[in-house]
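Read off the chains here:
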Amino acid sequence: MEHREGRPLIDRVRLARTFYQRYGREPRLFRAPGRVNLIGEHTDYNDGFVLPMAIDRETVIAGAARDDRRVRVYSLNADEAVEFDLDHPGEKQRGIWLDYVEGVAQSLLGRGVRLKGADLAVLSDVPVGAGLSSSAALEVSAGLAFVSLSDQQLDRVTLALAGQQAEHVYVGTMCGIMDQFVAALGREGHALLIDCRSLEATLVPLDTSETAIVVCDTNVKHELSSSEYNARRAECERGVEMLREMMPGIRALRDVSVAEFAQHEERLPETIRRRCRHVVTENERTLSAARALQDGDLKEMGRLMYASHRSLRDDYEVSCRELDVLVEIAESLGGVVGARMTGGGFGGCTVNLVRREALGEFEQVVSREYTRATHLNPTIYVSEAGGGAKEIKDS
Ligand code: ADP
Ligand code: MG
């Protein structure tokens with residue numbers, strides 16, 4: 001099990017040394033974390049609520065400003081150097097990691113931030129493509145580096161929005177705002193309740209002294225995820241149109257309470273009814289979960305997580321066998337308080353609340369039983385709720 005106790009994860013000395021060897025100057029260091037969503041799945045594009053936390057894995061960028069308009073970037077992870085010119089934007093959606101870095105620079109320029117050229121080096125221990133949002137960690141750390149090295153100021157919400165815009169325009173992924181938001185605004189020991197309509201974010205204390213947050217990666221990603229994602233979005237929109245006949249004021253499923261939905265659901269065709277039911281109930285569960293965390297009631301939080309999983313599995317139909325197997329194994333263990341799939345679905349990760357004294361058994365049993373059922377190995381990460389993007393000044 002990959003578990004580190006509160007020590008810095010990325011070797012800042014190694015990164016700074018690599019930077020110096022490559023560019024012959026001393027860098028400043030900036031970091032942004034990956035994230036896991038505790039609850040609130042497929043609610044973001046319905047103007048609803050999400051409750052993610054930053055994890056203690058991070059992307060760190062070493063950087064120094066240049067006098068010209070060039071940006072040179074070296075990724076130690078990719079062992080690859082790329083460069084671009086701030087005044088001559090490159091082609092979009094090339095399908096390479098430069099898209100994320102150049103994309104965020106262009107988003108910032110588009111927002112009127114006066115950027116200087118820069119030399120950058122990137123090192124990350126957020127696993128890539130595992131659903132822990134290495135992409136937002138890269139965008140937000142790069143964005144913070146660009147802004148800071150240019151002696152500019154930018155509020156965290158705009159920083160997050162610039163990262164999301166990079167993902168939309170330069171990468172070509174129509175993601176919600178959750179990942180960049182929590183990468184920019186996360187806080188140690190807290191989850192972040194985000195209202196995806198107003199973009200209001202509320203820190204919610206998360207006491208993990210007795211219960212750990214454990215992420216299990218199925219290590220599968222089924223192909224249908226993007227086509228199914230678009231289909232779910234369309235079904236939700238259709239549901240809103242139909243519900244509007246009874247509830248003319250609504251703009252999104254966010255505006256429908258569980259009680260109102262129960263009143264009108266009969267009028268919706270079966271599939272759309274189930275899709276909408278997931279979103280409406282998930283919004284309520286997410287708000288309840290934030291209250292449960294606030295009250296230190298992890299048992300209630302766990303109950304809501306199990307209910308979320310069932311809703312995603314049966315009503316929204318975005319789970320898959322591997323995710324269900326992981327949740328079933330977790331649910332069978334005494335020391336597990338809650339478990340659910342997290343992220344878009346069709347593979348990716350589950351998130352689990354596990355009592356600390358049961359962590360050893362959890363790892364053993366989950367690895368053994370998951371492999372027995374699927375012939376795959378899971379990857380298991382224990383994470384504290386980490387902090388958001390910042391300049392690292394103490395190393
Ligand atoms: P996720 O965000 O779930 O990890 P994505 O597919 O959204 O998965 O983003 C992963 C992509 O982000 C990688 O394929 C790569 O292009 C880019 N990336 C993330 N971290 C780094 C890094 N340290 N160096 C270079 N590219 C990175
Ligand atoms: Mg991503």
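Because the structure is predicted, anything quoted here is derived from the model rather than measured.

Caption draft 1: Fine view of the overall build of the protein chain. Broken down by element type, the protein chain carries 11 helices and 12 strands. Whereas a compact globule of 395 residues would reach a radius of gyration of roughly 21 Å, the protein chain reaches 21 Å, a difference of no more than 12%. Along the first, second and third principal axes, the C-alpha set of the protein chain runs to 65 × 50 × 40 Å. For the protein chain, with 395 residues in total, the buried portion stands at 59%. Within the protein chain, contacts between residues separated by at least 24 positions form 73% of all contacts whose residues are at least 6 apart in sequence. Here the protein chain displays about 16400 Å² of accessible surface, and carbon together with sulfur accounts for 45% of that area.

Caption draft 2: Main features of the nonpolar core. If you look at the biggest cluster of nonpolar residues, it comprises 43 residues, and the most contacted ones within it are Val73, Phe84, Val101, Leu120 and Phe146. Of the residues forming this core, the biggest block, eight residues, is contributed by helix H3 (residues 134-149). In this structure Phe84 touches Arg69, Arg70, Val71, Val73, Leu98, Val101, Glu102, Ala105 and Phe146, once residues within four positions along its chain are discounted. Counting 30 residues, the second-largest nonpolar core is a separate cluster that includes Leu51, Ala290, Leu298 and Val337.

Caption draft 3: Quick peek at the environment of Val279. By the secondary structure assignment, Val279 is in helix H8 (residues 270-294). Residues Val279 and Gly189, 90 residues apart in the sequence, show an inter-C-alpha distance of 27 Å. In this structure Val279 touches His42, Thr43, Asn46, Cys236, Leu253 and Tyr316, once residues within four positions along its chain are discounted.

Caption draft 4: Fine view of the state of the cysteines. In the structure shown here, the tally under the stated rule is zero disulfides. Cys216 supplies the cysteine sulfur nearest to Cys349, a cysteine that is in no disulfide, at a spacing of 8.2 Å. Classification of Cys349 as buried rests on a relative accessible area of 2%.

Caption draft 5: View of the site of ligand 1. As a matter of local geometry, ligand 1 sits amid 14 residues, with Ser75, Asn77, Gly129, Ser134 and Ser135 nearest to it. Here an oxygen atom of ligand 1 sits 2.8 Å away from a polar atom, N or O, in the main chain of Gly129. Take Ser135: an N or O atom from its side chain is 3.0 Å from an oxygen atom of ligand 1. In isolation ligand 1 offers 570 Å² of accessible surface; the protein chains occlude 77% of this area. Those elements that place two or more of their residues in the shell around ligand 1 are strand E5 (118-124) and H3. Among the elements that line the shell around ligand 1, the one with the most residues is H3, at three residues. Of the residues assigned to the shell around ligand 1, the class counts are six nonpolar, eight polar and no charged.

Caption draft 6: Geometry of the side chain of Gln106. If you trace the backbone, Gln106 turns up in helix H2 (residues 98-110). Among the residues examined, Gln106 registers a relative accessible area of 17% and is labelled buried.

Caption draft 7: Geometry of the pairing of strand E1 (residues 28-39). Among the 12 residues of E1, 11 are classified as buried, and the element is accordingly described as predominantly covered. Relative to strand E12 (residues 390-392), E1 runs antiparallel, the two sharing three bridges. Across the sheet, the residue bridging to Arg31 is Lys390, located in E12.

Caption draft 8: Broad picture of the pattern of salt bridges. The full count for this structure, using the stated rule, is 36 salt bridges. For the salt bridge of Arg31 with Glu58, the shortest nitrogen-to-oxygen distance reads 2.8 Å. A residue pair is termed long-range when its members are at least 10 positions apart, and Arg31 in strand E1 and Glu58 in strand E2 (residues 49-65) qualify at 27 residues. Relative accessible area serves as the criterion here: at 3%, Glu58 is assigned to the buried category. Salt bridges linked by common partners bring Glu228, Arg232, Glu235, Glu270, Arg274, Arg275 and Glu317 together as one network.

Caption draft 9: How the structure looks around unusual backbone geometry. Phi at Asp47 takes a positive value of approximately 65°, unusual for a residue other than glycine. Even without glycine at this site, Leu199 takes up a positive phi of about 65°. You can see Leu199 is positioned in the loop between strand E6 (190-195) and strand E7 (201-205).

Caption draft 10: Up close: the packing of H3 against helix H5 (residues 178-185). The interhelical angle for the contact between H3 and H5, taken along N-to-C directions, is 50°, at an axis separation of 9 Å. Accordingly, the angle class assigned to the pair H3 and H5 is oblique. Note that H3 runs across H5; the crossing there is right-handed. Along its contact with H3, which presents Ala136, Glu139 and Val140, the element H5 presents Asp179, Gln180, Ala183 and Ala184. Considered class by class, the residues forming the contact of H3 with H5 number four nonpolar, one polar and two charged.

Caption draft 11: Fine view of helix H11 (residues 359-374). An ideal rise of 1.5 Å per residue puts 22 Å on 16 residues; H11 measures up with 22 Å between its terminal C-alpha atoms. Inspection of H11 places Leu359, Phe362, Val365, Val366, Tyr370 and Thr374 among the buried residues, and these make up the whole buried set. End-on, the buried residues of H11 take up no more than an arc of 130°, which puts them together on one face. Opposite the buried face of H11, by more than 90 degrees, sit the exposed residues Gln364 and Arg372. Packed against the buried residues of H11 are strand E8 (211-221), helix H10 (321-331), strand E9 (336-342), strand E10 (347-355) and strand E11 (379-383).

What counts and what doesn't
- Residues numbered from 1 in each chain as written.
- Chains lettered and ligands numbered in written order.
- Predicted model: local features only at pLDDT ≥ 70, side-chain atom pairs only at ≥ 80, totals over all residues.
- Heavy atoms only, no water.
- Helix = DSSP H or I, 4+ residues; strand = E, 2+ residues; numbered from the N terminus.
- Rg over C-alpha atoms; globule rule 2.2 N^0.38 Å.
- Buried < 20%, exposed > 50% of the residue type's maximum accessible area, 1.4 Å probe, protein only.
- Contact = heavy atoms within 4.5 Å.
- Areas by Shrake-Rupley, 256 points an atom, 1.4 Å probe, with all protein chains shown as cover.
- Core = buried A, V, L, I, M, F, W, Y, C linked by side-chain atoms within 4.5 Å.
- Disulfide = S-S within 2.5 Å.
- Near = heavy atom within 4 Å.
- Polar contact = N/O pair within 3.5 Å; in protein donor to acceptor, adjacent residues only side chain to side chain.
- Nonpolar A, V, L, I, M, F, W, Y, C, P; charged D, E, K, R; others polar.
- Pairing = 2+ DSSP bridges.
- Salt bridge = Lys/Arg side-chain N within 4 Å of Asp/Glu carboxyl O.
- Axes fitted to C-alpha atoms, helices over the stretch in contact; angles between N-to-C directions.
- Parallel < 35°, antiparallel > 145°, perpendicular 65-115°, else oblique.
- Left-handed = near helix turned anticlockwise from the far one by under 90°.
- Expected span 1.5 Å × (residues − 1).
- Arc of directions from axis to C-beta.

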